[in-house]
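# Topology and contacts: notes
Read off the chains here:
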Amino acid sequence: MIPLQVQLVAIPPKVWNSWPPDRQLVHLANDALGIERRIQKGVDVVKERVRYRQLCDWIEAKALEAGQGLGGKAWRFETDAKSGQPSANDYMRLVELLASSQMARQTFAAQRAKTSSATKVSREIVGKTVYPPGAAVTEQRQLFEQLASGLVDKLFPQVAGSERKAWAEAAKFKAAAYREAEAMRAGMIEVVAPGTRALPSGDPKVVGRKSGVSSR
Amino acid sequence: MIDVPRIHFQVGPVAHPDIKLAQSYLRSDGDKNNWSIRRFAQEDWVLNVRVCRTIGRDRFDVALFRSEDHERFRRDAGVMGGLVFSLSEAFDKTGKMEIHFVGPPKGHEPDVPESIRRVAKSLGVKLRHRHHIADDEGRLLYARITGLSDKAVKSLTERGVDIVKACFTIHRGLWNKEQVELIALHAHAPERIFTGQVHAEHRVQYLHDMMVLRTAVLAERLGTLCSSVHGPADQVVTIEWDDDCRGCITLLKPVAWTHEGREIKFPEKKCVQATLIARDAKGYEVFGESDVLAAGSATAFRCLVVTRDFDWIPEARRVQLLGQASKANLPLVQVVDTIGEIDADIDQRIARVVSTRQGAPERPD
């Protein structure tokens, strides 16, 4: 298990619309949506994927900057969660499963169809890192509120109860963050970054087998 | 141990009888039967010579398979090398690991060579047929020669990854064995990596996979850095992974170099706990302090490995982080690549995983 951390950064609307000075987050987020659409259509997919990666890296770096001193607010999942806080790995696992679960896709798609929205939102419902203010944030809040209040059990009945409970906690944490962001009319950017853990004292515990292959 | 002749590539034809014999295939048959000569050489020493051909996309023939040991290399290194390359080529050209040995009048190998039988037996693989290695035997042999740990094999098998495909990526030089171990044991979905399904638009999953792959590439760069001091021929770098994806790096020879006035020293034959963290400049600025604290908390030899992006942190913060590392007596190793370059390298490797059109990374004679 690789240690990681996920920061949910709420960007107030004023910052979202006016910062960074050269090209604002509002435009960068639209650019990202445009690239997603082009990839969906199969337009120059290889180059668009590289552009998408670079653009999201940039947006996420700017989000970290905003979270530090521009009035943004940040919530953090970590691998070594403090007591009462959900773990980053639980959150990631939940998102991965939701993205790959056919049943989850159908449930979310049906819900989205009920709520008509004029705001552009990503076609994928989970697994994104940029959520512009408005409908996208609201949708995430609603989804994760439902997950926290029993949808996890319905979608993944085959998973052990303790694991489902941990996922529901993670969903609750995210829903609370998005609720606050919604109240601020903020956009949300999720930053997934490597985490670090203090080394245990004594000999390191090693997994895998030692190999004698030269580095070449 | 028998020395094989040193090859002087510029001088002309090689005098060794096996190589002469192999070259006679080209003279006698020309392109008519599509025979190709392959050789497996290490440090200019030829350890294996073989002659092979593909018929259509269905059959892979070997007409000559000769190997010799050399005191610089482990016993049967030539047989294993030749076998791995032959199996890779058979897989690449025919989609299966079946090798037919051709005897007179076309070839010199009427049966599966004794050296191959010996190696197979030592690896616990019983070859059932006299004239050919069957697909299932070839696959098992390939996996055993590659030498992935049982844990990694189990993990890959559970996730539905074809173990041959994983081994093939190693022998094609896409990922090395330690990297495949890391992917097998720590990636959330190794099957995505081995089927090239790591797509940037699925951003969260992509980042999750990339974190493991960036760690793997950083470890490779660290190995290259350590090898470059003595030359790759003399240095052996081994890596083991702990539960937190830290690399335990062991070197055959000690290395020391200076980077921007900071001396970096690694001892020989001792585990150096390398914390490998790939971030962009903003990431190091924000999370650098916790990286230094975590990496510096070990009592054993340790180091923190970072990307070139570390140079682009605001100067005051950079000096502060370097000061903290120096206070903790933590060597900070910087590789030459930026995170963007590492990502581009990873994208390229992932794309190549799905393509098997390219032959084994070996020079035809």
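Located above this text is the structure these notes cover.
Scope of this entry: the structure provided in the associated data block. (Residues numbered from 1 in each chain as written. Chains lettered and ligands numbered in written order. Predicted model: local features only at pLDDT ≥ 70, side-chain atom pairs only at ≥ 80, totals over all residues. Heavy atoms only, no water.)

### Thoughts on the overall build of chain A
Across its full length, chain A carries 7 helices and 5 strands. Its helices and strands in sequence order give chain A the pattern β-α-α-α-β-α-α-β-α-α-β-β, from N to C terminus. Taking all 216 residues of chain A together, 50% fall into the buried category. If you take every contact in chain A between residues at least 6 apart in sequence, the share linking residues at least 24 apart comes to 73%. Of the roughly 10,300 Å² of accessible surface on chain A, 51% is carried by carbon and sulfur atoms. (Helix = DSSP H or I, 4+ residues; strand = E, 2+ residues; numbered from the N terminus. Buried < 20%, exposed > 50% of the residue type's maximum accessible area, 1.4 Å probe, protein only. Contact = heavy atoms within 4.5 Å. Areas by Shrake-Rupley, 256 points an atom, 1.4 Å probe, with all protein chains shown as cover.)

### Quick look at the interface of chain A and chain B
In this assembly, 50 residues from chain A lie in contact with 60 residues from chain B. Taken over both partners, the interface formed by chain A and chain B buries close to 5,100 Å², and the fraction arising from carbon and sulfur atoms is 56%. Along the contact surface separating chain A from chain B lie 6 salt bridges. There are 14 residue pairs in polar contact (both at pLDDT 80 or more) connecting chain A and chain B. Elements that contribute at least two residues to the side of chain A that touches chain B include exactly β1 (4–11), α3 (45–69), α4 (88–100), β4 (187–194) and β5 (206–207) of chain A. Tallying contributions element by element places α3 of chain A first for the side of chain A that touches chain B, with 11 residues. The residue inventory of the side of chain A that touches chain B, partitioned by class, reads 22 nonpolar, 13 polar and 15 charged. (Buried area = accessible area lost by both parts, 1.4 Å probe. Salt bridge = Lys/Arg side-chain N within 4 Å of Asp/Glu carboxyl O. Polar contact = N/O pair within 3.5 Å; in protein donor to acceptor, adjacent residues only side chain to side chain. Nonpolar A, V, L, I, M, F, W, Y, C, P; charged D, E, K, R; others polar.)

### Quick notes on the environment of Ala-77 of chain B
By the element assignment, Ala-77 of chain B lies in helix α2 (residues 77–94). Sequence spacing of Ala-77 of chain B and Val-180 of chain B is 103 residues, and the spatial spacing of their C-alpha atoms is 22 Å.

### So, the pattern of salt bridges
Taken as a whole and assessed by the stated rule, the structure comprises 50 salt bridges over all chains. Residue Glu-60 of chain A pairs with Arg-203 of chain B through a salt bridge whose shortest N-O separation is 2.9 Å. Of the two residues, Glu-60 of chain A is situated in helix α3 and Arg-203 of chain B in helix α9 (residues 203–230); the pairing between them involves two chains. A relative accessible area of 6% places Glu-60 of chain A in the buried class. Overall, the relative accessible area of 0% leaves Arg-203 of chain B in the buried class. Residue Asp-61 of chain B pairs with Arg-53 of chain B through a salt bridge whose shortest N-O separation is 3.3 Å. Accessibility classification places Asp-61 of chain B together with Arg-53 of chain B in one group, the buried group. In this structure, a network of salt bridges that share partners links the residues Glu-260, Arg-262, Arg-308, Asp-311, Glu-315 and Arg-318 of chain B.

### Details of α4 of chain A
All names here are of chain A. Here α4 is 13 residues long and its end C-alpha atoms lie 18 Å apart, about the 18 Å a rise of 1.5 Å per residue gives. The element α4 is extensively covered by neighbouring structure, given that 10 of its 13 residues are classed as buried. Those residues of α4 that fall on the buried side of the exposure criterion are Ala-88, Asn-89, Tyr-91, Met-92, Leu-94, Val-95, Glu-96, Leu-97, Leu-98 and Ala-99. (Expected span 1.5 Å × (residues − 1).)

### Focus on the packing of α4 of chain A against helix α6 (residues 135–155) of chain A
Residue and element names in this part refer to chain A. It is at 13 Å that the axes of α4 and α6 come closest, and there the two elements cross at 65°. With respect to their mutual orientation, α4 and α6 come out roughly perpendicular. Of the two possible hands of crossing, α4 and α6 adopt the one that is left-handed. Listed contacts from α6 to Tyr-91, Leu-94 and Leu-98 of α4 are Phe-144, Leu-147, Val-152 and Leu-155. (Axes fitted to C-alpha atoms, helices over the stretch in contact; angles between N-to-C directions. Parallel < 35°, antiparallel > 145°, perpendicular 65-115°, else oblique. Left-handed = near helix turned anticlockwise from the far one by under 90°.)

### Observations regarding unusual backbone geometry
Residues other than glycine predominantly adopt negative phi, and peptide bonds predominantly adopt the trans conformation. Residue and element names in this part refer to chain A. Here Trp-19 and Pro-20 are connected by a cis peptide whose omega angle stands at 0°. If you trace the backbone, Pro-20 turns up in the loop between α1 (13–18) and α2 (25–41). Positive phi outside glycine occurs at Arg-185, with the angle close to 55°. With respect to the element layout, Arg-185 can be found in the loop between α7 (161–183) and β4.

### Some details on the pairing of strand β10 (residues 272–276) of chain B
Each regular strand displays side chains that alternate between the two surfaces of the sheet. Residue and element names in this part refer to chain B. Most of β10 is tucked away: 5 of the 5 residues are buried. Burial along β10 is two-sided: Val-272, Ala-274 and Leu-276 facing one way and Gln-273 and Thr-275 facing the other are all buried. Taken together, the 4 bridges between β10 and strand β11 (residues 302–306) define a ladder with parallel strand orientation. Following the sheet pairing, Leu-276 is matched in β11 by Val-305. In this fold, β10 hands off to helix α10 (residues 281–295), which returns the chain to β11; that crossover is right-handed. (Pairing = 2+ DSSP bridges. Right-handed = clockwise from strand over helix to strand, strands pointing away.)

### Details of the sheet that holds strand β2 (residues 73–78) of chain A
All names here are of chain A. Reading across the sheet, the 4 strands line up as β2-β1-β4-β3 and stay open at both edges, with antiparallel pairing between neighbours. A strand with exactly one partner marks an edge of an open sheet, and here the two such strands are β2 and β3 (130–131). Bridge count for β3 against β4 is 2 bridges, and the pairing is antiparallel. Note on β4: the bridge partner recorded for Tyr-131 is Met-188. Along the sheet face, α4 touches β1, β2 and β4 and points at about 75° away from the line of β1.

### Comments concerning the side chain of His-186 of chain B
Here His-186 of chain B shows up in helix α7 (residues 177–186). A distance of 3.3 Å separates a polar atom in the side chain of His-186 of chain B from the backbone oxygen of Asp-242 of chain B.

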